[in-house]
Amino acid sequence: MKNPAFIALVALLVGCAVSSLPTPVRAQSVPRAQVSPIVATDVVAAGSELRAALQITLPEGLHTNSNKPRDESLIPIRLTVLPVSGVTVTEIVFPTPTDLVQKGADQPLSVFERAFSIAVSMTVDQSVSPGDVTIPARLRYQACDESVCYIPQTVQTGWTVKVVPAGTAVSPQHQDVFKTVAWGTGEKPADTIVATSNPARPTPAGAAGSTSATLDPIARLSEFAILGTTGGYLGTTDFIEFIQSAENGVQQKGMFDGRGPLAILFLVFLGGLALNLTPCVLPMIPVNLAIIGAGARAGSRSRGFWLGAAYGAAMAFVYGVLGLIVILTAGTFGTINSSPWFNLGIALLFIVLALAMFDILEIDFSRYSTRVSVGQSGQGSMAVAFGMGAVAALLAGACVAPVVIQVVLFSSDLYAAGTNAALALPFLLGIGMAIPWPIAGAGLSALPKPGAWMVRVKQAFGVFILGTALYYGYEAYSLFSDRWVDSREVTSSVEEKLKAGWHASLGEGLAVAAREQKPVFVDLWATWCKNCLMMDKTTLADEQVNGVLRNYVKVKFQAENPDEAPAKDVMQKFGAVGLPTYVILRPRAQGN
């Protein structure tokens, strides 16, 4: 009996593993630095100097740009110490940078290698009361290796120090770090905080975007109707079709779009019911009934009914809880699906499932279920029935795992779009699968018999699963390829658009559109987005496309850190799951 049951568990582990990865919208695999705050003394006396530092360690083989890169288009490392009453930052000391010769660069890059420290000198006013004081800080950096620069990250960190009365003795600590700091050569706090609309470069005074703080894009978006949203690389024909469809109110429909919530619920329920007819589940029904003591061994039909109900309820519970955990811990579907490692893992998982469907790979865990004894009487208990149902849900096999994974992914997508009821879909799938069990437990024997037809069903599943594996494999390749980009090229390309009349500030662009009653085209981009560069160089440079967009207010909105405000809020508002994303807006005064 083919029942590669561990695969269902692998599916759960893949989901849980992915949910634990770092979380930008399109970079779950982005490496993160380990940041450890330290202070030079065990306590600090009021009215004295406080010396602190951040010890930063990157994964092997990575570096960051220094605080003063030679190329101003590169993203510098920034440390911002947030204001605290009675604490004044006097100096921030960065380490001495290293010259790194990199392919394609005209001059050596100024970088900080894998492990380094940033020191901070502060004064604690005499008026600060004794007790613990927390000094928050924000570190922004971009990790790079020899070929690729990853999405910039922002770490919320800081120091908690114990303030004691003036004159109290203090004990030094971490002197191996603080003795090497070149105190007196650092930057003043004002030099380390640069307000930018483009994190890759400072915004000159009076430039587009410099007034964006007074033009809240989220507030202004309520004045506009979203006519269309799409993403990824689009050729000229597809792009123009998207614009024209948005202008004419034609919406792209997915497989479940337009069916209504009841239809979706019915389809998921029907899918769960159909799982009982798959070749990995159907032959196990009499075995499992015998294990839990259902049917005639239950003593009565009503007892058998409730034993079967407990067994089925456990299935619904397991699928529902596991699906709920994956959905809630993984964040949005866009976050999960944006990881090339996740897509590669899913592709490999579905390849294993397909091999099992074609009998190339055989993993049989079903024999373990027969080792469970329920006592000499043969009459099962509710607890045993529930427990066996939970085990059977995990050992359902290759025929069940693909459907469960697909439902969880679809539920994540709906939940990310704001449909909280999507959390119930995995439960509903389990309920559909559980429905026959109370009937079978009461003694139903007229079940479809296993036969040669089941081999054809299994092979049909195999073909479908292979197609799914190819899809996720291609997605993984595309996402890996999308990381291979020089951020300087992307920045230069965007600067050309800004010189041509595009707006760098979404709030400013919306204000112009509202004033002139014009539609808005928003292009969400980032310096790490290869397809953003390709679109600028090809489709958005096409004369036909420029003609279609001639009457639009065009905005280049930089979503450099998709998991942080304001990019996070804007992307959620547009339902964007990755970059590039294109949005068509129209002032509500024009209709819609």
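Here we summarise the structure given alongside this text.

## Concerning the sheet that holds strand S14 (residues 520–525)
Now for step 1: Pairing is mixed across the open sheet formed by four strands, whose spatial order is S13-S16-S14-S15. In this open sheet, the two edge strands, each paired with only one partner strand, are strand S13 (224–231) and strand S15 (553–558). Each adjacent strand pair in this sheet contributes to an overall mean axis angle of 20°, direction not counted.
Now for step 2: Where S13 lies against strand S16 (residues 581–587), seven bridges are found, and the strand directions are antiparallel.

## A closer look at the environment of Glu496
Now for step 1: Mapped onto the fold, Glu496 is located in helix H17 (residues 487–499).
Now for step 2: Taking the C-alpha atoms as reference points, Glu496 and Asp536, 40 residues apart in sequence, are found 9.3 Å from one another.

## Some points on unusual backbone geometry
Excluding glycine, residues mostly have negative phi values, and the peptide bonds linking residues are mostly trans.
Now for step 1: Of note, the phi angle at His174 is positive, near 55°, even though the residue is not glycine.
Now for step 2: Within the element layout of this structure, His174 appears in the loop between strand S12 (153–164) and helix H2 (175–178).
Now for step 3: Even without a glycine there, the phi angle at Gln517 is positive, about 55°.
Now for step 4: Residue position: Gln517 is located in the loop between helix H18 (506–516) and S14.

## Some details on the sheet that holds strand S11 (residues 143–144)
Now for step 1: What the four strands build is an open sheet, ordered S7-S8-S4-S11; its pairing is antiparallel. Taken across any chain shown, the strands that pair with only one partner, and hence form the sheet edges, are strand S7 (98–100) and S11.
Now for step 2: Here two bridges tie strand S4 (residues 63–65) to S11, and the two strands are oriented antiparallel to one another. Residue pairing across strands places Thr64 opposite Ala143, the latter belonging to S11.

## Brief notes about the packing of aromatic side chains
Now for step 1: Inspection of the entire model under this criterion finds eight aromatic pairs.
Now for step 2: Note on Phe94 and Phe112: the rings are 6.3 Å apart at their centroids and 10° apart in plane angle, and the pair reads as stacked. Of this pair, Phe94 sits in the loop between strand S6 (87–93) and S7 while Phe112 sits in strand S8 (residues 109–112), placing them 18 residues apart in sequence.
Now for step 3: Judged by its relative accessible area of 12%, Phe94 is buried.
Now for step 4: Residue classification places Phe112 among the buried residues on the basis of a relative accessible area of 2%.
Now for step 5: These aromatic residues form a ring-pair network of at least three members: Phe239, Phe242, Trp502, Phe521 and Tyr582.
Now for step 6: Directly above the aromatic system of Trp183 lies the positively charged group of Arg51, at a separation of 4.3 Å from the ring centroid.
Now for step 7: One residue, Lys556, lies across the ring of Trp502, its end atom 5.6 Å from the ring centre.

## Notes on the packing of H17 against helix H19 (residues 530–537)
Now for step 1: In contact at an axis separation of 9 Å, H17 and H19 are set at 40° when each is read in the N-to-C sense. As the angle between them shows, H17 and H19 are arranged oblique. Note on packing geometry: the crossing formed by H17 with H19 is left-handed. Contact residues: H17 offers Glu489, Val490, Ser493, Val494, Glu496 and Lys497, while H19 offers Leu533, Asp536 and Lys537.
Now for step 2: Residue composition of the contact of H17 with H19, by class: three nonpolar, one polar and five charged.

Parameters at a glance
Residues numbered from 1 in each chain as written. Predicted model: local features only at pLDDT ≥ 70, side-chain atom pairs only at ≥ 80, totals over all residues. Heavy atoms only, no water. Pairing = 2+ DSSP bridges. Helix = DSSP H or I, 4+ residues; strand = E, 2+ residues; numbered from the N terminus. Axes fitted to C-alpha atoms, helices over the stretch in contact; angles between N-to-C directions. Phe/Tyr/Trp six-rings, centres within 6.5 Å; stacked < 30°, edge-to-face > 60°. Buried < 20%, exposed > 50% of the residue type's maximum accessible area, 1.4 Å probe, protein only. Lys NZ or Arg CZ within 6 Å of the ring centre and 35° of its normal. Parallel < 35°, antiparallel > 145°, perpendicular 65-115°, else oblique. Left-handed = near helix turned anticlockwise from the far one by under 90°. Contact = heavy atoms within 4.5 Å. Nonpolar A, V, L, I, M, F, W, Y, C, P; charged D, E, K, R; others polar.

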